[in-house]
Amino acid sequence: MVQGVLIEDGHLVNINPSTGARIEPRVKVFKNADVDAAVAAARAAQPKWAARSLAERTRLVREAVAAIGADKPALARTITTEMGKTLKEAEEEVDCAAGKDEYCELVRAANE
């Protein structure tokens with residue numbers, strides 16, 4: 001058990017709080033070395049990201065946000081299943097995440 005979450009075969013056992021049913025697929029538990037490798041890869045990629053213009057970074061974030069918005073129904077269902085939120089609350093959470101592109105656009109415009 002990690003912080004009250006059951007672990008079986010190296011995976012977290014997620015439980016739907018509304019039904020008590022197990023959620024599949026399960027999430028793999030990573031070892032410290034796996035996390036260290038991911039952090040090292042992110043640090044190695046950061047200079048390339050920083051070298052991009054603000055306009056290019058904004059465009060890439062907007063594309064990622066568009067992908068989130070396109071998958072809104074599936075993401076909202078996942079949030080509902082995992083967190084026990086109502087579907088309306090979950091949809092609002094996805095909308096809030098997707099709305100971050102507006103912030104990026106404001107930053108870009110302010111820096112032109």
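Presented here is a report on the structure given in the accompanying data block. Everything quoted here is computed from the prediction, not taken from an experiment.

1. Some thoughts on the overall build of the protein chain
Counting secondary structure elements, the protein chain contains five helices and three strands. Reading the protein chain from its N end, one meets helices and strands in the order β-β-β-α-α-α-α-α. Taken across its 112 residues, the protein chain has 12% of its residues classed as buried. Relative to all contacts within the protein chain whose residues are 6 or more apart in sequence, the contacts with residues 24 or more apart total 30%. Accessible area for the protein chain stands at about 8,200 Å²; split by element, carbon and sulfur atoms hold 59% of it.

2. Description of the environment of Ala97
Tracing the backbone through its elements, the reader meets Ala97 in helix α4 (residues 87-98). Between the alpha carbons of Ala97 and Gly69 there is a distance of 8.9 Å; along the sequence they are 28 residues apart.

3. Thoughts on a nonpolar patch on the surface
Residues Phe30, Val35 and Val39 make up a contiguous nonpolar surface patch of roughly 260 Å² in combined accessible area. Tracing the sequence through the fold places Val39 in helix α1 (residues 32-51). Taking relative accessible area as the criterion, Val39 reaches 35% and is therefore assigned partly exposed.

4. Quick look at the sheet that holds strand β3 (residues 27-28)
Spatial strand order, β1-β2-β3: three strands in an open sheet with antiparallel pairing. Bordering the open sheet on either side are β1 (7-8) and β3, each of which pairs with just one other strand. Alignment of strand β2 (residues 11-12) against β3, held across two bridges, turns out to be antiparallel. Paired with Leu12 across the strands is Val27, a residue of β3.

5. Structural notes on unusual backbone geometry
Glycine aside, a negative phi is what most residues show, and trans is what most peptide bonds show. The amide bond that connects Glu24 to the next residue, Pro25, takes the cis arrangement and shows omega of -5°. Within the fold, Pro25 resides in the loop between β2 and β3. Despite not being glycine, Asp9 has its phi angle at roughly 50°, a positive value.

6. Observations regarding helix α3 (residues 72-83)
Every α-helix carries 3.6 residues per turn, so stepping three or four residues along brings you back to the same face. The end-to-end C-alpha distance of α3 is 16 Å, a good match for the 16 Å that twelve residues give at a rise of 1.5 Å each. Backbone geometry just after α3 places Gly84 at a positive phi near 80°.

The rules behind each value
- Residues numbered from 1 in each chain as written.
- Predicted model: local features only at pLDDT ≥ 70, side-chain atom pairs only at ≥ 80, totals over all residues.
- Heavy atoms only, no water.
- Helix = DSSP H or I, 4+ residues; strand = E, 2+ residues; numbered from the N terminus.
- Buried < 20%, exposed > 50% of the residue type's maximum accessible area, 1.4 Å probe, protein only.
- Contact = heavy atoms within 4.5 Å.
- Areas by Shrake-Rupley, 256 points an atom, 1.4 Å probe, with all protein chains shown as cover.
- Patch = residues over 30% accessible without salt bridge, like charges linked within 9 Å, V, L, I, M, F, W, Y side chains within 5 Å.
- Salt bridge = Lys/Arg side-chain N within 4 Å of Asp/Glu carboxyl O.
- Pairing = 2+ DSSP bridges.
- Expected span 1.5 Å × (residues − 1).

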